[in-house]
Structures are given as C-alpha cells and as structure tokens.
Amino acid sequence: MSRMTKRVLQDEHWQRIAPHLPEHPPSVKGGRPRADDRECLEGILWLLRTGARWQDIPVDLPSGSTCWRRLQEWSGKGILEEIQAVLIEELAELGKLDLEELLADATFVRAKKGGIMSTASANVSEQALLMPALNDIPLELPQGTPVIADKGHDSDQLRDEIEQAGFEPIIPHRSNRVRPSRNDGRRLRRYQHRWRVERTNAWLHCYRGLAVRWAYHSFMYVGLVYLSFIHMALQRF
C-alpha cells in the first residue's frame, strides 16, 4: 500500500485562504469535475518545499499539469498577492506584527531555464528595487516609520525618495562616500536589527522551489514567492 503524502495545510489555515479563491461552479455542459483547490494547493506547496519538478508531484495529489495550471491561474490574476495582503492585515489587527520599523534587503537566485523577464534582473541595482517594494506594502504605516537597509542603498536620491514617501531612511554610508554625512548616529543604532531580514531571507531559501528558479515565466515564480510568504504568515496565527 502506497504511503499518503503528508499534507501541510491545517483546516484553520484553509479556512483563511478558501474565501479568497475564485469560485468555479460545475459546467452545465458536464465534463470532468474541476480538481479540488485545496489538493492543488497542497501539490504546489509540496513542489515549493521540495524544489522537485512538476511531473514528480506524488500520485495521491493532483497531477503536475493540473497544479501548474492552478498556479498559473492564481498567479496571473493576482490572487496569491491578494491573499498575502489579507493575511498581513489580519496579523496586524491581532497585534502579531512588529510595525515599528521596516527592513529591506535583496536576494538573488539562478534562473535555470532562463525566462521572460525575471522578478528583477541580477544587473538591476538594489536601489531601484526599494521604492517599488515600499509602495507594495498593503498597510498604512505611521509617518516617519524607519526603513533599514544596507550600504548598497546609500544614495542621496534614494534617501530623498524614501523621505518624500513618509519614511525615515536608516542606511549606513559607503566607506568611499565624499558628500557630507546625512546620518544621525543615534538613529543608526537601529541598523543592528538588520539580522531580522537576513533571517527572513534564510527562511525563504528553505523553500527549495525558490532557491533555484525553474519557472520560465516570471509571474509564475512571483506566485511561488507570494505562496511562501502566505505559508509563513499562516504559521503566526
């Protein structure tokens, strides 16, 4: 007797996700029933955690092609992004998020099969990624919330953009900086907290499906990134 693949979604987790997935009533023309959304999500999570190929998804889960199409649907319509935003809002309402400061960093992975546009090409400066990331935050944060980033973000133009967006940049200067310092030594002490974002990057790389990008389409890989954040957020409830 074959061993059943371990499911990772608890009932309470599924109850938080299910209301945000699109409904697909049975076709009046009949035909094969649509594969169960929860089982498809389990299949995608299995691939995300193991880094295996779609065709290697265990036989007691929906087929790899079915799971691939479901990820394509949920990623292409922005559904996973919406679910992640909802979970963040719920965690904030429960007081389970520390919103006193924001920590920023970038991480890069190899695209084994190339791709049509990457999430961010490796030759793109980290400075160009920070403001879009801040604009994507699904919560309204207090004016002056600190944004902590490393020396790779040391740019007066970027600092101005951060301040204009209502945040306070906490960014150490590069050793070769020639312009006058814009840092306050007391506020710069917050930089000691940067280990938290390094830890988050380490958690992300535990999802082996993210550590190396096999997805050709960037929106599919981005969908896996959002799903990893969803999975981590569910553990906090």
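Scroll up for the structure.
These numbers were taken from a predicted model, which means no experiment stands behind them.

K.L.:
Account for the pattern of salt bridges, with residues named and values stated.
P.N.:
Per the stated rule, a full pass over the model turns up 24 salt bridges. Asp60 serves as the salt-bridge partner of Arg7, at 2.9 Å between the closest nitrogen and oxygen. Remark: Asp60 occurs in the loop between helix 2 (37-50) and helix 3 (64-76) and Arg7 occurs in the segment before helix 1 (11-17); sequence separation between them is 53 residues. A relative accessible area of 26% places Asp60 in the partly exposed class. A salt bridge links Glu198 to Arg194; the nearest nitrogen and oxygen atoms lie 2.6 Å apart. Among the residues examined, Glu198 registers a relative accessible area of 37% and is labelled partly exposed.

K.L.:
Tell me about helix 3, and name the residues and values.
P.N.:
The α-helix advances 3.6 residues per turn, and as a result positions three or four apart in sequence lie on the same side. For helix 3, built from 13 residues, the straight-helix expectation of 18 Å at 1.5 Å per residue is met to within 8% by its first-to-last C-alpha distance of 18 Å. For helix 3, the complete set of buried residues consists of Gly64, Thr66, Cys67, Arg70, Leu71, Glu73, Trp74 and Ser75. Looking at the buried residues of helix 3, the elements they touch are helix 2, helix 4 (79-93) and helix 9 (218-234). With its phi angle positive at about 75 degrees, Gly78 sits one or two positions after the end of helix 3.

K.L.:
Please set out the side chain of Asn201 residue by residue, giving values where relevant.
P.N.:
With respect to the element layout, Asn201 can be found in helix 7 (residues 195-205). Those residues in contact with Asn201, other than ones at most four positions away along the chain, are Asp105, Ala106 and Thr107.

K.L.:
Please provide a residue-by-residue account of the nonpolar core, values included.
P.N.:
Counting residues in hydrophobic clusters, the biggest one holds 35 residues, and the most contacted among them are Ile17, Leu41, Leu227 and Ile230. Listing elements by their share of this core, those giving two or more residues are helix 1, helix 2, helix 3, helix 4 and helix 9. Top element by residues in this core is helix 9. It accounts for nine residues. Setting aside anything within four residues of it in sequence, one finds Leu227 in contact with Leu41, Ile44, Leu45, Leu48 and Leu80. Core analysis: the second largest hydrophobic core is formed by 12 residues, Leu130, Leu141, Ala149 and Ile162 among them.

K.L.:
Go over the environment of Arg49, please, and point to the residues and values.
P.N.:
For Arg49, the location among the structural elements is in helix 2. For Arg49, the contacting residues outside a window of four places in its chain are Lys6, Val8, Cys206, Tyr207 and Arg208.

K.L.:
Just give me the short version of the pairing of strand 3 (residues 145-148), but keep the residues and values in it.
P.N.:
Covered by surrounding structure in strand 3 are Thr145 and Val147 together with Pro146 and Ile148, the residues of both alternating faces. Alignment of strand 1 (residues 102-103) against strand 3, held across two bridges, turns out to be parallel. Across the sheet, residue Leu102 finds its bridge partner in strand 3, namely Val147. With four bridges connecting them, strand 3 and strand 4 (residues 167-170) associate as parallel partners. In the strand pairing of strand 4, Thr145 is matched with Phe167.

K.L.:
Which residues make up the sheet that holds strand 1, and what are the values?
P.N.:
Strand order across the open sheet formed by three strands is 1-3-4, with parallel pairing between neighbours. Each end of this open sheet is capped by a strand with a single partner; those strands are strand 1 and strand 4.

About the cut-offs
Counting starts from 1 at the beginning of each chain's written sequence and moves along it residue by residue. In keeping with the predicted nature of the model, local features appear solely for residues at pLDDT of at least 70, side-chain atom pairs appear and are counted solely at 80 or more, and the whole-chain, interface and lining totals rest on all residues. The side-chain figures draw on all heavy atoms in the structure; neither hydrogens nor water molecules are used. We count a salt bridge whenever a side-chain nitrogen from Lys or Arg sits within 4 Å of a carboxyl oxygen from Asp or Glu. Helical segments are the DSSP runs of H or I of at least four residues, strand segments are the runs of E of at least two, and each set is numbered from the N terminus. Exposed residues in this analysis have more than 50% of their type's maximum accessible area, buried residues have under 20%, and partly exposed residues fall in between, with area computed by a 1.4 Å probe over protein chains only. Multiplying one less than the number of residues by 1.5 Å gives the expected span of a helix. Here a residue-residue contact requires only that any non-hydrogen atoms of the pair lie within 4.5 Å. To qualify as a nonpolar core, a set must consist of buried Ala, Val, Leu, Ile, Met, Phe, Trp, Tyr and Cys residues joined through side-chain atoms within 4.5 Å. Between any two strands, pairing holds if DSSP finds at least two bridges.

Note that all results are geometric; they support no functional claim without further evidence.
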